[in-house]
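Spelled out, the chains give:
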Amino acid sequence: MGKEYWIGDVNSGLHDDSEVELKAWVHRTRGTNKIWFMVLRDSTGNVQCVIKRDAVGDECFESLSNALIESSVIIRGIASPTDRQHGHEIQVTSGEVVGPVNPDRPFPITESAMAESDGGETEFLLDHRHLYLRTGRMTTMLKLRSTVFGAIHSYFRDLDFIEYQAPNFVSGAVEGGSTLFEVPYFGRKAYLTQSWQLYAEAAMPALERLYTMAPSFRAEKSRTRRHLTEFWHAEMEIAWASNTEVMEHGEGVVRHIARTLLDERSDELTSLERDLDLIAQYADSEYPRMRYDEAIEILQGKGVEVQWGQDLDYSKEKILTADFDVPHFLTHYPRVAKPFYHRPDPDDPKYVLCHDLLAPEGYGEIIGGGERTWSEGEILERIEEENTPMEAYEFYIDVRRFGGVPHGGFGLGVDRVCTWLAGAEHIREAIPFPRDSRRVTP
RNA sequence: GCCGACAUAGCUUAGUUGGUGGAGCGGUGGACUGUUAAUCCACAGGUCGCAGGUUCGAGUCCUGCUGUCGGCGCCA
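Keep in mind the model is a prediction, meaning the values are calculated, not measured. (Residues numbered from 1 in each chain as written. Chains lettered and ligands numbered in written order. Predicted model: local features only at pLDDT ≥ 70, side-chain atom pairs only at ≥ 80, totals over all residues. Heavy atoms only, no water.)

## Comments concerning the protein's contact with RNA strand B
Part 1: Taken together, 54 residues are adjacent to RNA strand B, and Arg-30, Glu-89, Arg-218, Arg-225 and Arg-416 come closest.
Part 2: Here Arg-30 contributes a side-chain N or O atom positioned 2.3 Å from a phosphate oxygen of RNA strand B.
Part 3: Ala-113 has a polar backbone atom sitting 2.8 Å from a sugar or linking oxygen of RNA strand B.
Part 4: In terms of residue count, the dominant contributor to the surface near RNA strand B is strand β15 (residues 364-371) (4 residues).
Part 5: Residues belonging to the surface near RNA strand B are distributed by class as follows: 14 nonpolar, 19 polar and 21 charged. (Near = heavy atom within 4 Å. Polar contact = N/O pair within 3.5 Å; in protein donor to acceptor, adjacent residues only side chain to side chain. Helix = DSSP H or I, 4+ residues; strand = E, 2+ residues; numbered from the N terminus. Nonpolar A, V, L, I, M, F, W, Y, C, P; charged D, E, K, R; others polar.)

Below you can see the structure in the form of structure tokens.
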């Protein structure tokens, strides 16, 4: 890399009183015609550079002081600790503009553009997402996001899970068929995948412990702070495992993510005004578990109108999560409320062996998973019970005809986890280029 | 699919009972040798989302359309 010095290192005092060459972008400027202050940013932080006409000469002074916000520059000078509020600064000896910004078209993401967004997004910021990415808040989010992805990989790999890739073009649905994106496929119809699950189950007898992180697509016209049409899905599948064991991994990975963020990104969390004690609670606490029936009783006890057999929608989840300070599981939903691949409970086949993990603070469901219907007889019965067209699932049934074993898995909404742990208002804040029913650009 | 809001300069917005559309930021020019969202002076920048209607007169009232935002259902 043609870059040796980083602003983060300057700010930590690594280069005090020695010469550095910063390759960076202009964040903000101010000054007079004798002295010019230029705050530079790179991916590691911001630092103020002091440019004195006497020290750099007229030509250099004019050229640097004319550089607009987001011009790229190379600046050479002495890194100096100061008593001023910004800590470190660069006493500039020379420098030049690399990529100028045209005054006829200045950088559009101004303080005023971000002022009313409350940390979230305005239409303007969404339209200029490609430029908004380089602002402080977005950069921080992207760093947190990277750490979340890394933590998920390390959780599974440390437990000898194999990362496994499923196709994104598929012929059948996992969830209800209405939410599939249809794409033309050489004169036929194909769909964008909603989950790797069916394909993961095919590999389960080969790998036994497997996981993935990949985009999933849902053509839901949802307009909420929790939904995207393209989202990142961390999924795992494990052979010879019960619903309880799968849940333990769900709790394990979420707590590991929280712990890793605390260890590696506490500065970023703090800059988003996130309470570190709260994140520590998410990392250190056990997550309570509650059966569906208990949840219904609690809701009915609170006067909420809900019938046994109904799925629990977000309004009801929210009432339940209000009583918990940490994520909690809901298990054993009624069979009628869940799709065919959930395994009926052998102890009471009115229920299925499944779980949802609900995040606190009103963030809602972040994991859905459970034990799979694994014998040929049971899967055929369940498919028939739901009038699911069988053709698309032939291979899925086939897997059960050759040495089926108990197994299960879950899907975790990575963007939802990022949103929750970052304390963001909207899931859009946690992904670089959000896609929803009304937006596919930029 | 359903419900509710909003649309004024590049951005964020003010605009009173309908009577010649203002400001801050950003940009340009100028002043100032240590600024911290620098400050001060000046200049440029507007088919008030689009199409109709009411009216002597519409940014303002009415209708339709488009776009965006928020919420619900569904889910990760």
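## Observations concerning helix α15 (residues 394-401)
Part 1: By the burial criterion, the buried members of α15 are Tyr-396, Ile-397, Val-399 and Arg-400. For α15, the angular spread of buried residues about the axis comes to 145°, placing them on one side.
Part 2: Contacts made by the buried residues of α15 are with α8 (197-207), α14 (376-385) and β16 (407-413).
Part 3: Of the residues trailing α15, Gly-403 is marked for its positive phi of about 70°. (Buried < 20%, exposed > 50% of the residue type's maximum accessible area, 1.4 Å probe, protein only. Arc of directions from axis to C-beta. Contact = heavy atoms within 4.5 Å.)

## A word on the sheet that holds strand β11 (residues 230-239)
Part 1: One open sheet holds the 8 strands; their spatial order is β6-β10-β11-β16-β15-β14-β13-β12, and the pairing between them is mixed. Lying at the two open borders of the sheet, with one neighbouring strand each, are β6 (162-163) and β12 (289-291).
Part 2: Examined bridge by bridge, β6 and strand β10 (residues 209-217) share 2 bridges and lie parallel to one another. Along β10, the bridge assignment pairs Glu-163 with Tyr-211.
Part 3: Relative to β16, helix α9 (residues 243-264) is tilted by about 30°, and along the sheet it contacts β11, β12, β13 (328-331), β14 (354-359), β15 and β16. (Pairing = 2+ DSSP bridges. Axes fitted to C-alpha atoms, helices over the stretch in contact; angles between N-to-C directions.)

## Quick look at empty space enclosed by the protein
Part 1: Counting across every chain of the model gives 3 cavities of 30 Å³ or more.
Part 2: Roughly 60 Å³ of volume is contained in the second largest cavity.
Part 3: Together, Ala-166, Pro-167, Asn-168, Thr-193, Ser-195, Trp-196, Thr-212, Ala-214, Pro-215, Ser-216 and Glu-235 line the second largest cavity.
Part 4: For the lining of the second largest cavity, the leading source of residues is β10, giving 4 residues. (1 Å grid on protein atoms, 1.4 Å probe; cavity = no way out; pocket = protein on both sides within 12 Å on 5 of 7 lines; lining within 4 Å. Points joined across faces, edges and corners; volume = space filled by probe spheres on them.)

## Here we look at the pairing of strand β8 (residues 182-185)
Part 1: As judged from the 4 bridges shared by β8 and strand β9 (residues 188-192), these two strands associate in the antiparallel manner. Opposite Tyr-185, over in β9, you have Arg-188 as the bridge partner.
Part 2: The hairpin turn running from β8 into β9, its antiparallel successor, is 2 residues long, and Phe-186 in that turn takes a positive phi close to 50°.

## Topic: the pattern of salt bridges
Side-chain pairing between opposite charges can occur once the charged atoms of the two side chains come close.
Part 1: What the rule picks out here adds up to 34 salt bridges.
Part 2: Notably, a salt bridge pairs Arg-335 with Glu-381, separated by 3.1 Å at the nearest N-O pair. Note that Arg-335 is positioned in the loop between β13 and β14 and Glu-381 in helix α14, a separation of 46 residues in sequence.
Part 3: For Arg-335, a relative accessible area of 14% gives the class buried.
Part 4: Via salt bridges that share partners, Glu-201, Glu-237, Arg-372 and Arg-400 belong to a single interconnected network. (Salt bridge = Lys/Arg side-chain N within 4 Å of Asp/Glu carboxyl O.)

## Description of the nonpolar core
Part 1: Judged by nonpolar contacts, the single largest core of 47 residues is most densely connected at Ile-152 and Leu-412.
Part 2: The residues touching Ile-152, leaving out its near neighbours within four places in the chain, are Met-213, Ala-234, Val-253, Ile-257, Leu-412 and Val-414.
Part 3: Val-26, Met-38, Leu-64 and Ile-75 belong to the second-largest nonpolar core, a separate cluster that totals 23 residues. (Core = buried A, V, L, I, M, F, W, Y, C linked by side-chain atoms within 4.5 Å.)

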